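Each chain is listed here by its residues.
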Amino acid sequence: MGDIHVNAAEAVLEKSRPGKKLKIVLIILITLFLIGVICYAGYEIKNRIEHKKWIEHMTAVVDIPAFYQGIWVDDVHLGGLAVEEAKQILMEKARERLEEIRFELIHNDKRWILTYQDVGAYIDWDRKIDQAYAVAREGELEERYNRVKELEVNGLKLKTSLFYNMDLIKNKLESIAEEISYDPVDADIKFYPDRENKFEITEEKPGLTLDVKELFNTLKAKMENEEYGEVVLSPQEVLPKVTKAQLQKATYRIAQFSTSIATSTADRKHNVRLALRKVNGYRLDPGEVFSFNEAVGPRTAKTGFRPAPVIMPDKSLQNDYGGGVCQSSSTIYNAALRADLEIVERYHHSFPIGYVPIGLDATVSYGGADLKFRNNKDTPIFIRTFSKGDNVYVEIYGEKFPNDGYITCSSTVTSVVPAPKPKRILDKNGKYVKQPGGQVEHVKSRNGYRVTSYKTYYENGKKVWTKVIARDYYRPIQGIIYYRP
C-alpha cells in the first residue's frame, strides 16, 4: 500500500517537473535581467558622473583668466599670469629694449644723441599679448583642452618685432652735416701795380664735408644688427681749388709793350694816359673776358676826357672827346698778343696809324668797336699800365712761359692798292674854306693795304712756332678837297 502511494506520488511529481523547471529558468532569467539592468544603470550613472567630472576638469583647465602654461613671449613665460600682469612685464621689457637704442655721434668735442624716439621705434608686445592670450581660446572644449596640454609639453614661443623708420633721422643728419661742414677757402692774390712788391697772396684753407648718405647707411646697418653705441664721424677734407702755390705762378711779368706819345698834343697825351690809368691794376681770372669799353667807360668831359683828333666816319680827323684813346687800346692789344691771350674782338683803323706797326692796331669806340680778349690760362692775369716820359707802357703779369719763353709780333704788307684821286667839292657856304680862291684838304687820299700779322714764340732763344694773328684790309681812301673860286 505504502509502495503504491509512493509510486503514485512519484508519478505525479514526474508529471509536474517540466513546468517547475521552466518557472525556475524564468525566475533565473528575470533575476539576471534585473541584475543586468541594475548593473547597466549603475554603469551609466558612473559614466555620467565621470563624464561630468571630466567636463568640469577640462572646463577648469581651459576657462581660466590667465595665460596657459608653456606660452612664452621672447624670454618671458606667461603661464599663469593675468593679462594685466603680462602687460606690465612686457611693457617694461620693451621699454628696456627700446632704451638700448642709442647712438652717440662724435666729432671732436661735439656730440649728438639719437634715440629710439628719433627713428620712431616701437615693439609690438601688445599684439603678441593678444596673440598669446588667444591661443586655445576658440573651438570645441576637448580640442581646446588638448591644445592646452600640448602647450604644457611642447610650449609656444612668440617673438616680438622691432619696428622703426630710419628716414626720420635724415633731416637731423643734414643738420649735423651743416654744423660740421664748411667750405674751403681758396688762396687769394691782390695786385698792387704801383708798389715794389706788387703781389700779396693769402694762404688757402681746406674745407670739411660730412657724407650724409654714407652716415645714414652706416647707422641703418648698425640698427639692423643692433650695434648701438658711439659712432665717430669721419668728415672728409675738401681741398680748395686755388692754392698759394698756383697763384705764385701768376706773379711773373710775361709781356710788356710801349708806344710813344711824343708827337701828340697835350690833350691827346692826357686822354691816352687817362684811359690806361683806368685799366691799371685790372685782374682777369681764368676764362674771363676783358672789354676795353667796359673797363674805360664812356669818353666824355664828365669822365675826365678832353677833345683831341679823332677819325670821323668820313675819314677826316676832327677833335672829339677821348681822341687818342685808340693808342691806349692798341698798346694793350700788343701786350695781350705777347702774353698769348685769346683775342675775342678787335678791329683795325680805317688807315694805318703811326704809333704801332701796320696790322697791329686796335681801334675802339664806346658803344661800337671794342677790344676784347679772354684769359685762356689756368691762373689769373694782371694788367699794369704806366707812363714814363713820352712813352706809355702796358705790362701783363701771369704764369710765365716755360724755358724762358717769349713772343714777338710782326706784320707784312702783302699788297698795296693805290689811292684814288681826291674828290674836289665846292664849298659854297665857306664852311671849310674861309678865303676865296683857297682850298682845304678835308680828307687825305690814302693807299689801301692788305696786311698779315704774325706772332712767333721762342724758348731758350729758339723759335718754336709762328702763327697768323689776323689778315687785315685797309681800304684805299679817296681824299676830299673843299675849294672856293
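Residues numbered from 1 in each chain as written. Predicted model: local features only at pLDDT ≥ 70, side-chain atom pairs only at ≥ 80, totals over all residues. Heavy atoms only, no water.

Caption draft 1: Inspection of the overall build of the chain at higher detail. Within the chain, the secondary structure is distributed over 10 helices and 27 strands. The C-alpha atoms of the chain give a radius of gyration of 58 Å, which is well past the 23 Å a tight globule of 485 residues would have. For the chain, the spread of C-alpha atoms along the three principal axes comes to 225 × 55 × 50 Å. Restricting the contact set of the chain to residue pairs at least 6 apart, pairs at least 24 apart contribute 74%. Across the chain, the 71 positively charged side chains and the 66 negatively charged ones have centroids separated by 15 Å. (Helix = DSSP H or I, 4+ residues; strand = E, 2+ residues; numbered from the N terminus. Rg over C-alpha atoms; globule rule 2.2 N^0.38 Å. Contact = heavy atoms within 4.5 Å. Lys, Arg positive; Asp, Glu negative; His and termini not counted. Charge placed at Lys NZ, Arg CZ, Asp CG, Glu CD.)

Caption draft 2: Expanded view of the environment of alanine 369. Tracing the sequence through the fold places alanine 369 in the loop between strand S18 (342-345) and strand S19 (372-374). For the pair alanine 369 and histidine 348, spaced 21 residues apart in sequence, the C-alpha separation works out to 9.5 Å. In contact with alanine 369, other than residues within four places in its own chain, are Asn293, Glu345, Tyr347, Thr363 and Val364.

Caption draft 3: Broad picture of the sheet that holds strand S14 (residues 282-284). Taken in spatial order, the 4 strands line up as S13-S21-S20-S14 in an open sheet, and their pairing is antiparallel. Every other strand in the sheet has two partners, leaving strand S13 (252-260) and S14 as the edge strands with one partner each. Between one strand axis and the next, the sheet turns by 20° as a mean value, whatever way the strands run. The pairing of S14 with strand S20 (residues 381-388) spans 3 bridges and is antiparallel. Residue pairing for S20: tyrosine 282 is matched across the bridge by isoleucine 383. (Pairing = 2+ DSSP bridges. Axes fitted to C-alpha atoms, helices over the stretch in contact; angles between N-to-C directions.)

Caption draft 4: Unusual backbone geometry, seen in detail. The phi dihedral of asparagine 403 is positive, around 55°, even though this residue is not glycine. Mapped onto the secondary structure, asparagine 403 falls in the loop between strand S21 (391-398) and strand S22 (406-417). Here asparagine 460, not a glycine, exhibits a phi torsion of approximately 50°, which is positive. Looking at where asparagine 460 falls in the secondary structure, it is placed in the loop between strand S25 (448-459) and strand S26 (462-474).

Caption draft 5: Fine view of helix H2 (residues 83-99). Here H2 spans 24 Å end to end across 17 residues, near enough to the 24 Å set by a 1.5 Å rise per residue. Looking only at H2, the buried set comprises Ala86, Leu90, Ala94 and Leu98. Axial view of H2: buried residues confined to an arc of 95°, hence all on one face. Packed against the buried residues of H2 are strand S1 (71-73), strand S2 (76-77), strand S5 (122-123), helix H3 (125-133) and strand S7 (162-163). (Expected span 1.5 Å × (residues − 1). Buried < 20%, exposed > 50% of the residue type's maximum accessible area, 1.4 Å probe, protein only. Arc of directions from axis to C-beta.)

Caption draft 6: Looking closely at the environment of arginine 95. Assignment of secondary structure puts arginine 95 in helix H2. For arginine 95, a relative accessible area of 36% puts it in the partly exposed group. Along the chain, arginine 95 and cysteine 409 lie 314 residues apart, while their C-alpha atoms are 85 Å from each other.

Caption draft 7: Spotlight on the packing of aromatic side chains. A complete count under the given rule lists 16 aromatic pairs for this structure. With a centroid separation of 5.1 Å and 75° between ring planes, the pair formed by tryptophan 54 and tyrosine 145 is classed as edge-to-face. Of this pair, tryptophan 54 sits in helix H1 (residues 2-62) while tyrosine 145 sits in helix H4 (residues 141-154), placing them 91 residues apart in sequence. A relative accessible area of 37% means that tryptophan 54 is categorised as partly exposed. Centroid distance tyrosine 406 to tyrosine 458: 5.1 Å. Interplanar angle 15°. Geometry classified as stacked. (Phe/Tyr/Trp six-rings, centres within 6.5 Å; stacked < 30°, edge-to-face > 60°.)

Caption draft 8: Examining the packing of H2 against H3 more closely. In contact at an axis separation of 10 Å, H2 and H3 are set at 145° when each is read in the N-to-C sense. Seen from above, H2 lies across H3 with right-handed handedness. Every residue of H3 that contacts H2 at Val83, Ala86, Lys87, Leu90, Met91 and Ala94 is listed here: Trp125, Ile129 and Tyr133. Here the residues of the contact of H2 with H3 are counted per class, giving 8 nonpolar, no polar and 1 charged. (Left-handed = near helix turned anticlockwise from the far one by under 90°. Nonpolar A, V, L, I, M, F, W, Y, C, P; charged D, E, K, R; others polar.)

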